[in-house]
Amino acid sequence: MPLSKFVFKPGIMREGTDYDNEGGWFDANLVRFKAGRPQKIGGWQKDNLNTFLGTCRALHGWLTLSGTKLLGLGTNKKYYIEEGTTFADITPVRSTTGAGDVTFAKVGNGDATITVSDTSHGAVVGDFVTYSGAASLGGNIVAAVLNQEYEIATIVNANSYTIEAKDTSGDTVLAAAGDSGNGGSSTVGAYQVTTGLDIYVQSTGWGVGLWGDSTWGSTTALALGNQLRLWSHDNFGEDLLINPRGGGVYYWDATNGITTRANNLSTQSGANLVPTVGLQVLVSETDRHVIVLGADAIVGSSRTGSVDPMLIAFSDQENPLEFEPLTTNTAGSLRLSEGSQIIGGLKARQEVLVWTDTALYSMQFIGPPYTFGLNLINDGSGLISPKGAISSSSGVYWMGYDSFYVYNGAVQKIPCSVLSYVFDDFNVGQAFKVFAYNNSEFNEVGWFYPSASSDDIDRYVVYNYAEQVWSIGQLNRTAWLDSGVENYPRATTGNYLYEQEFGYDNDGSPMTNVFIESSDFDIGDGESFAFINRIIPDIKFLSNTSGGKVNLVLKTRDFPGDSLTTASTSQIAASTSKTDIRARARQIILRLESDDDAANTGNDNVGWRLGATRMDVKSDGRR
């Protein structure tokens, strides 16, 4: 009986039906394409066992002048710097009270709730405040209980809020009869910058524009605390500039170490007309200007304090503290005209790219007196989210409202074989959570995004730009940083930082639901039934080569509208030479899957690559 070789076209094709993509792949999860062949993606493990507070949506790695590796993590609650395995909290302080401005009062005996009074505190639920100088209330609520960091539990009114008393290990402390004091006259409260949301609120963040006529209409002005918290960050030398979208620009000096917090750039000694708010901060590569997208405008001799969504401000060269445009410096500003709001910016080769909701601009350093030249590159290719663009060795890629684009001197729409799959099942209301990522080892760029039924990221789509093929999958990641400073890419989910592409399992547990499935194929034009009685697999095991196993599944149906029937499932090991089966149908689907062994029988950490599968197939009648 003759053997037929089946080598499917690389990439996932979802633009047509199962049947009209004969000879290709139709569905996959946790599988990439390498040299045209499908293989399981790499696994992941925790970078360390320490956790951080909040959802991380921004990662940035760099080296200090002394060679120390540092990693910035921006969450909706905090900003951290990881050094070694320590997450150091460098979240800026927005205000500090005078001594005695803060007082405490217990709610009742046997209750941990403490009412804090502070006139015009300006805090919201979830904000963090650190107290110092407080005296004991006289009973269980001793000075050590009060003099530490707290997360605000409820807001009573503009002048008071509540916290839940705890000891220094975090255990709840209940007030007693002796707790009748108010903490004394020396208490100082240091309030950190307002925390942000972990959900996108559609009434903020968009003015008009492509989505302004439907669910994207805006009724509330963009502000720090009323939108999804997204941090931007960049280096000025070894120091760090950070900006919570809609908030201030902050500076962290590496020479002071990770025990110090970032400070507001506009309040530093020597600061002159530094933007007090912005949508994103970055530093131009060769000419070293600090650039603030969406900065507040200068009126008279001061800044307005409100985001100007189409204004770009930039500092004097090599001086992050000087933003006043003078004939003696290179500071200045530019205003964009296409669109309603700056969505994001990205450094590329010898230029800074800036997207509005409808257009792409290029900023290039041209020197005095204008400093930067501004060119409209493309109108009609806006950016879907502030972190929806990524730079790679082959160009800059981004996700628009209904397409994917690449810029490498000119803007091109990328032909996408899974376009409808992505955009027809997409939560538009949470689009600001979309972020692009680069995995340079495998020539991949991709996007993590929320499907229509999820408010959180639950899917990814990935493009291999070297082979020009697409793949899809289901995975929750909230931020990603390519390898470079570190040997492995870093990513976050939950409250942990992970090393990606490490082994082939899920942090020491099985990686489940890994599969790739072909489109329907048939004999001839589908006039005859096919009979298959033998499969000769061609599978290369990349890890666990002695004990690894995968399942080779054949599914069948007689007509395109029929439901699929599993005709056979064969377990394939490295030593498997063939598997005998019996299957008859007009249309056949091949599926390779590896639900790593959860029963601890030696089938964990399995990596594999599929080659050319051969089958005994002949035309046959139907019994």
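Now for a look at the structure at hand.

Here is what the cut-offs are and how they apply
- Residues numbered from 1 in each chain as written.
- Predicted model: local features only at pLDDT ≥ 70, side-chain atom pairs only at ≥ 80, totals over all residues.
- Heavy atoms only, no water.
- Helix = DSSP H or I, 4+ residues; strand = E, 2+ residues; numbered from the N terminus.
- Contact = heavy atoms within 4.5 Å.
- Lys, Arg positive; Asp, Glu negative; His and termini not counted.
- Charge placed at Lys NZ, Arg CZ, Asp CG, Glu CD.
- Buried < 20%, exposed > 50% of the residue type's maximum accessible area, 1.4 Å probe, protein only.
- Pairing = 2+ DSSP bridges.
- Phe/Tyr/Trp six-rings, centres within 6.5 Å; stacked < 30°, edge-to-face > 60°.
- Lys NZ or Arg CZ within 6 Å of the ring centre and 35° of its normal.
- Axes fitted to C-alpha atoms, helices over the stretch in contact; angles between N-to-C directions.
- Salt bridge = Lys/Arg side-chain N within 4 Å of Asp/Glu carboxyl O.
- Polar contact = N/O pair within 3.5 Å; in protein donor to acceptor, adjacent residues only side chain to side chain.
- Core = buried A, V, L, I, M, F, W, Y, C linked by side-chain atoms within 4.5 Å.

## Notes on the overall build of the chain
- When helices and strands are counted, the chain shows 2 helices and 53 strands.
- Projected onto its principal axes, the C-alpha coordinates of the chain cover approximately 95 × 70 × 50 Å.
- Counting contacts in the chain only where the partners sit at least 6 residues apart, residues at least 24 apart contribute 61% of the total.
- On the chain, the mean spot of the 44 positive side-chain charges and the mean spot of the 68 negative ones are 9 Å from each other.

## Things to note about the pairing of strand E7 (residues 56–63)
- Most of E7 is tucked away: 6 of the 8 residues are buried.
- Inspection of the sheet shows E7 paired to strand E8 (residues 69–75) by 7 bridges, in the antiparallel sense. From the neighbouring strand, Cys-56 faces E8, where its bridge partner is Thr-75.
- With antiparallel pairing between neighbouring strands as the criterion, E7 and E8 make up a hairpin whose turn holds 5 residues, including Gly-67 at a positive phi of roughly 90°.

## Description of the packing of aromatic side chains
- Counted by the stated rule, this structure contains 32 aromatic pairs.
- On the basis of an interplanar angle of 45° and a centroid distance of 5.0 Å, the ring pair of Phe-404 and Trp-470 is categorised as tilted. Taken as a pair, Phe-404 in strand E35 (residues 404–407) and Trp-470 in strand E40 (residues 469–473) lie far apart in primary sequence, 66 residues in all. You'll find Phe-404 and Trp-470 in the same group, each marked buried.
- Geometrically, the ring pair formed by Tyr-437 and Trp-480 is tilted, given 4.7 Å between the ring centres and 45° between the ring planes. You can see Tyr-437 sitting in strand E37 (residues 435–439) and its partner Trp-480 sitting in strand E41 (residues 479–481), a full 43 residues away along the chain.
- Over the aromatic face of Phe-128 sits the side chain of Lys-78, whose NZ or CZ is 4.1 Å from the ring centroid.

## Regarding the sheet that holds strand E16 (residues 154–157)
- Taken together, 4 strands build an open sheet; the order of strands is E12-E13-E17-E16 and the sheet is antiparallel. A strand with exactly one partner marks an edge of an open sheet, and here the two such strands are strand E12 (103–106) and E16. Going across the sheet, the axis of each strand differs from the next one's by a mean of 30°, ignoring polarity.
- The pairing of E12 with strand E13 (residues 113–117) spans 4 bridges and is antiparallel. Each residue of the ladder has a partner; that of Ala-105, found in E13, is Thr-115.

## Details of the side chain of Arg-557
- By secondary structure assignment, the location of Arg-557 is in strand E48 (residues 549–557).
- Sequence-distant contacts of Arg-557, defined by excluding residues within four places in its chain, comprise Asp-18, Asp-520, Asp-562, Ser-563, Leu-564, Ala-585, Arg-586, Gln-587 and Ile-589.

## Details of the pattern of salt bridges
- A complete count under the given rule lists 26 salt bridges for this structure.
- Between Lys-555 and Glu-517 there is a salt bridge whose closest N-O contact spans 3.0 Å. Of this pair, Lys-555 sits in strand E48 while Glu-517 sits in strand E44 (residues 514–518), and the two are 38 residues apart along the sequence.
- Ionic pairing is found between Arg-534 and Asp-616, a salt bridge with its closest N-O pair at 2.6 Å. Residue Arg-534 is located in strand E46 (residues 529–536), and its partner Asp-616 is located in strand E53 (residues 613–620); the two are separated by 82 residues in the primary sequence.
- It is possible to trace a salt-bridge network through shared partners that takes in Asp-47, Lys-69, Glu-486, Arg-490 and Glu-499.

## Quick look at the sheet that holds strand E42 (residues 490–493)
- In space, the 4 strands of this open sheet follow the order E6-E43-E42-E41, with antiparallel pairing throughout. Looking at which strands have only one partner, the edges of the open sheet turn out to be strand E6 (44–46) and E41. For this sheet the average axis-to-axis angle between neighbouring strands, irrespective of direction, equals 30°.
- Two strands pair when backbone bridges link them, and E42 and strand E43 (residues 496–500) are joined in this way by 4 bridges, in the antiparallel orientation.

## Remarks on the side chain of Ser-519
- Within the fold, Ser-519 resides in the loop between E44 and strand E45 (521–522).
- A polar atom in the side chain of Ser-519 sits 2.8 Å from the side chain of Asn-21.

## Topic: the environment of Ile-81
- Take Ile-81: it is sitting in strand E9 (residues 79–83).
- By relative accessible area, Ile-81 is classed as buried at 0%.
- Sequence separation of Ile-81 and Asn-378 is 297 residues, and the distance between their C-alpha atoms is 37 Å.
- Sequence-distant contacts of Ile-81, that is, excluding residues within four places in its chain, are made with Trp-62, Leu-70, Leu-71, Gly-72, Thr-86, Phe-87, Ala-88, Ile-90, Leu-240, Trp-252 and Ile-258.

## Some remarks on the pairing of E48
- Counting buried residues in E48 gives 7 out of 9 residues, a clear majority hidden from the surface.
- Sheet topology note: the E48/strand E49 (residues 565–573) ladder contains 8 bridges and is antiparallel. Across the sheet, residue Leu-552 finds its bridge partner in E49, namely Ser-570.

## Section: the nonpolar core
- Residues Phe-404 and Trp-447 are the most contacted members of the largest nonpolar core, which totals 68 residues.
- When near neighbours in sequence (up to four residues on either side) are disregarded, Phe-404 contacts Trp-398, Met-399, Gln-412, Lys-413, Ile-414, Cys-416, Leu-419, Val-422, Phe-423, Trp-447, Val-461 and Trp-470.
- Grouped together as the second largest cluster of nonpolar side chains are 20 residues, Val-116, Ala-134, Ile-152 and Ala-165 included.

## Re the environment of Asn-487
- Within the secondary structure layout, Asn-487 lies in the loop between E41 and E42.
- A residue is classified by how much of its surface remains accessible, and Asn-487, at 70% relative accessible area, is exposed.
- Spatially, the C-alpha atom of Asn-487 lies 27 Å from that of Met-399, the residues being 88 residues apart in sequence.

## Quick notes on unusual backbone geometry
- A cis amide bond links Pro-368 to the next residue, Pro-369, at an omega of 5°.
- Mapped onto the fold, Pro-369 is located in the loop between strand E31 (359–367) and strand E32 (371–379).
- Phi is positive for Gln-350, which is not a glycine, with a value near 60°.
- With respect to the helices, strands and loops of the structure, Gln-350 is situated in the loop between strand E29 (342–348) and strand E30 (351–356).

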